[in-house]
Amino acid sequence: MIPTEFDYKRASSLDEAVSMLVASGGEGKFIAGGHSLVPLMKLRLSEPSLLIDIARIPDLAGIREKDGKIEVGAATTHHAVETSDLLRRLAPVVAEAAGEIGDPQVRHRGTLGGSLAHADPAADMTAVMVALDAEIHLKGPGGWRAVRAADFFQGIFTVDMAEDEIIAGVQFAPVQAAAYAKLHQKASHYPIVGVCAVLQASGGTVQSARVAVTGASTHAQRLPEVEAALAGKALNQATIDAAAAVAGSGLEDINSDIHASAAYRRAMVKVFTRRALERAAARA
Amino acid sequence: MSTRVPVTITVNGKVRTAEVEPRLLLVHFLRENLGLTGTHVGCDTSQCGACTIMVDGQSAKSCTIFAVQADGCNLQTIEGLAPEGGLHAMQEGFWEEHGLQCGYCTPGMIMSGVDLLNENPNPSEAEIRKGIDGNFCRCTGYQHIVKAIQYAAKKG
């Protein structure tokens, strides 16, 4: 499959990338790993007249600790996230979830920022970022902006990002009591349903929880009914089972496709919520 | 007409230069511009892994990369794996353990096996199966491919 013709430029800084995008008058697209964009271009669902390669912008890839938070640059590959010692130590759920994306070849090329900007209804890291309450850092011609992940994902392939903005990276707090559980689609390894759970617990009681789902509906979003069923309760199997039993009751527009019907997805939201909560609880 | 872009790409140790259309996929650059037809096009949708090559030492699907993105990179294809006149341990494993039937997936499967052992020289069977998640075989049922990779791991 051959995409339509386009011109190619390589940006050497964030500012240059944004200027190139503005100059393209809405015709340009950023490319880093290209593992969301290139398939779309081959199908001619996306026909940019200019590709701006941001993969080699210095410091756009990398994982660092700053002021007690963790920052991951937008051009960091899933493989780098998966194998990061820093993340394995301070936020293991992020490394583990990255290791569940696609397959090794895809993880070597695909990037965190690309996955978030593309906002596939069945991306993995979208749910992880929502459950972590991550901030997504954007740069545009007017300067910087930070958006909470739960506000960033708005609908199918739709995010809170202006046409002239770029994702520079994400920032989140270290977390141990968290887990991601996913039902793999066997060929693509997209999640048919994926659930990320983050627990704040002390003295055997859940103080609060953030639980987010992907794959089930138009975009990654929190499951407030699950969070409400956990808050203030004893952290035990009965609490987890009760919370999982209501998972997805507030979800609308459940996806249905050749891989799974809406009814099956609804059932799996409960199953994978339970699994994510059990694994997170084991770390609390 | 889009503007052609000069690229310099090292392939199997040889520096290759060309002026390419930006929309030229890396797999077509290898097969058509360089005549390296060992890398196959299977599904052309980033799923089957028949087009797997090494880009700067990491496995990648060359059907989902534009040649311009590989400018300055060091590539290895199935043709560059073995020493002159010999077989790489992974190729020997596929030969000895009958890790193929029609052979279409084999170059990509071998490159994924090599990538796996680069990261994890002694993988468990489960790790091998996860390591070849990105490669489809429609003949073997994978059992002999797993054995072939185990053979190569044992050989070191």
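Residues numbered from 1 in each chain as written. Chains lettered and ligands numbered in written order. Predicted model: local features only at pLDDT ≥ 70, side-chain atom pairs only at ≥ 80, totals over all residues. Heavy atoms only, no water.

**Q** Residue-level account of the interface of chain B and chain A, with values.
**A** At the junction of the two partners, chain B supplies 38 residues and chain A supplies 36 residues. Taken together, both faces of the contact between chain B and chain A bury some 2800 Å²; the carbon and sulfur share is 50%. Interface area lost by chain B to chain A is led by Arg-23, Phe-66 and Gln-69 of chain B, which between them contribute 23%. Applying the counting criterion to the chain B and chain A interface returns four salt bridges. Among the ionic pairs, Asp-44 of chain B bridges to Lys-42 of chain A, the shortest N-O distance being 2.6 Å. Among the secondary structure elements, those contributing two or more residues to the side of chain B that touches chain A are β3 (52-55), β4 (58-61), α3 (106-119) and α4 (125-131) of chain B. The dominant element in the side of chain B that touches chain A, judged by the number of residues it contributes, is β4 of chain B, at four residues. Residues belonging to the side of chain B that touches chain A are distributed by class as follows: 13 nonpolar, 16 polar and nine charged. (Contact = heavy atoms within 4.5 Å. Buried area = accessible area lost by both parts, 1.4 Å probe. Salt bridge = Lys/Arg side-chain N within 4 Å of Asp/Glu carboxyl O. Helix = DSSP H or I, 4+ residues; strand = E, 2+ residues; numbered from the N terminus. Nonpolar A, V, L, I, M, F, W, Y, C, P; charged D, E, K, R; others polar.)

**Q** So what's going on with the pattern of salt bridges? Which residues, and what values?
**A** All names here are of chain A. Across all of its chains, the model carries 19 salt bridges over all chains by this definition. Ionic pairing is found between Lys-139 and Asp-15, a salt bridge with its closest N-O pair at 2.8 Å. Here the residue Lys-139 occupies a position in strand β6 (residues 135-140), and Asp-15 occupies one in helix α1 (residues 14-23), the gap between them amounting to 124 residues. On the accessibility criterion, Lys-139 (13% relative accessible area) is buried. Residue Asp-15 is classed as partly exposed on the basis of its relative accessible area, which comes to 47%. Put simply, Arg-145 and Glu-165 hold a salt bridge, and the shortest N to O gap is 2.9 Å. (Buried < 20%, exposed > 50% of the residue type's maximum accessible area, 1.4 Å probe, protein only.)

**Q** Tell me about the domain arrangement of chain B, and please be specific about residues and values.
**A** All names here are of chain B. Taken as a whole, chain B is organised into domain 1 (5-80) and domain 2 (89-155). Once you take the C-alpha centre of each, domain 1 and domain 2 turn out to be 21 Å apart. At the interface, 18 residues of domain 1 touch 14 residues of domain 2. A buried area of about 1200 Å², summed over both sides, lies between domain 1 and domain 2, and 58% of it is on carbon and sulfur atoms. Across the domain 1-domain 2 interface, the total number found is zero salt bridges. Here domain 1 is connected to domain 2 by seven residue pairs in polar contact (both at pLDDT 80 or more). Taken together, the residues of the side of domain 1 that touches domain 2 sort by class into six nonpolar, 11 polar and one charged. (Domains from an automatic or database assignment. Polar contact = N/O pair within 3.5 Å; in protein donor to acceptor, adjacent residues only side chain to side chain.)

**Q** So what's going on with the packing of aromatic side chains? Which residues, and what values?
**A** On inspection of all chains with the given rule, the structure shows two aromatic pairs over all chains. Here the basic side chain of Arg-275 of chain A rests over the ring of Phe-272 of chain A, its NZ or CZ set 4.6 Å away from the ring centre. (Phe/Tyr/Trp six-rings, centres within 6.5 Å; stacked < 30°, edge-to-face > 60°. Lys NZ or Arg CZ within 6 Å of the ring centre and 35° of its normal.)

**Q** So what's going on with the sheet that holds strand β11 (residues 178-184) of chain A? Which residues, and what values?
**A** Residues and elements named next belong to chain A. With antiparallel pairing, four strands are arranged side by side in an open sheet as β11-β12-β13-β14. Whereas interior strands pair on both sides, the edge strands pair on one side only; in this sheet they are β11 and β14 (221-222). With respect to the sheet, helix α12 (residues 262-281) is in contact with β11, β12 (191-202) and β13 (205-214), its orientation differing from that of β12 by roughly 35 degrees. (Pairing = 2+ DSSP bridges. Axes fitted to C-alpha atoms, helices over the stretch in contact; angles between N-to-C directions.)

**Q** Mind laying out a nonpolar patch on the surface, listing which residues take part and the relevant values?
**A** Residues Met-1, Leu-43 and Leu-45 of chain A make up a contiguous nonpolar surface patch of about 300 Å² in total accessible area. Structurally, the position occupied by Met-1 of chain A is in the segment before β1 (7-10). (Patch = residues over 30% accessible without salt bridge, like charges linked within 9 Å, V, L, I, M, F, W, Y side chains within 5 Å. Areas by Shrake-Rupley, 256 points an atom, 1.4 Å probe, with all protein chains shown as cover.)

**Q** Can you explain the domain arrangement of chain A? Please cite residues and give values.
**A** Residue and element names in this part refer to chain A. The domain architecture assigned to chain A consists of domain 1 (7-53), domain 2 (63-172) and domain 3 (178-283). Using only C-alpha atoms to locate each centre, domain 2 and domain 3 end up separated by 20 Å. Every contact between the two is made by 25 residues of domain 2 and, on the other side, 24 residues of domain 3. Summed over both sides, the interface of domain 2 with domain 3 buries roughly 1900 Å², with 59% coming from carbon and sulfur. Summed over the shared surface of domain 2 and domain 3, the result is two salt bridges. With a shortest N-O distance of 3.2 Å, Asp-124 and Lys-182 are connected by a salt bridge. Our enumeration of links across domain 2 and domain 3 arrives at 10 residue pairs in polar contact (both at pLDDT 80 or more). Per element, the largest residue contribution to the side of domain 2 that touches domain 3 is five residues, and it comes from helix α8 (residues 125-131).

**Q** Tell me about unusual backbone geometry, residues and numbers included.
**A** Residue and element names in this part refer to chain B. A positive phi angle, close to 45 degrees, is found at Asp-56, a residue other than glycine. Mapping Asp-56 onto the fold places it in the loop between β3 and β4. Relative accessible area serves as the criterion here: at 48%, Asp-56 is assigned to the partly exposed category. Even without being glycine, His-98 reaches a positive phi, approximately 55 degrees. On the basis of relative accessibility, which here comes to 49%, the residue His-98 falls in the partly exposed class.

**Q** If you had to explain the sheet that holds strand β7 (residues 143-148) of chain A to someone new, which residues and values would you point to?
**A** Residue and element names in this part refer to chain A. Across the sheet, which stays open at both edges, the five strands sit in the order β4-β5-β10-β6-β7 with antiparallel pairing between neighbours. In this open sheet, the two strands that pair with only one neighbour each are β4 (63-66) and β7. Going from strand to strand, the sheet's axes swing by 25 degrees on average, the running direction of each strand aside. Pairing of strand β5 (residues 69-73) with strand β10 (residues 166-172) involves four bridges; the strand directions are antiparallel. Note on β10: the bridge partner recorded for Ile-70 is Phe-172.

**Q** Quick rundown of the packing of α3 of chain B against helix α5 (residues 143-155) of chain B? Include the residues and the values.
**A** Residue and element names in this part refer to chain B. Running from N to C, α3 and α5 cross one another at 45 degrees; their axes reach a closest spacing of 10 Å. Relative to α5, the element α3 lies oblique. In terms of crossing hand, the pair formed by α3 and α5 is right-handed. Contacts between α3 and α5 involve Met-109, Gly-113, Leu-116 and Leu-117 on the former and, on the latter, Ile-145, Ile-149, Ala-152 and Ala-153. The residue makeup of the contact of α3 with α5, split by class, is seven nonpolar, one polar and no charged. (Parallel < 35°, antiparallel > 145°, perpendicular 65-115°, else oblique. Left-handed = near helix turned anticlockwise from the far one by under 90°.)

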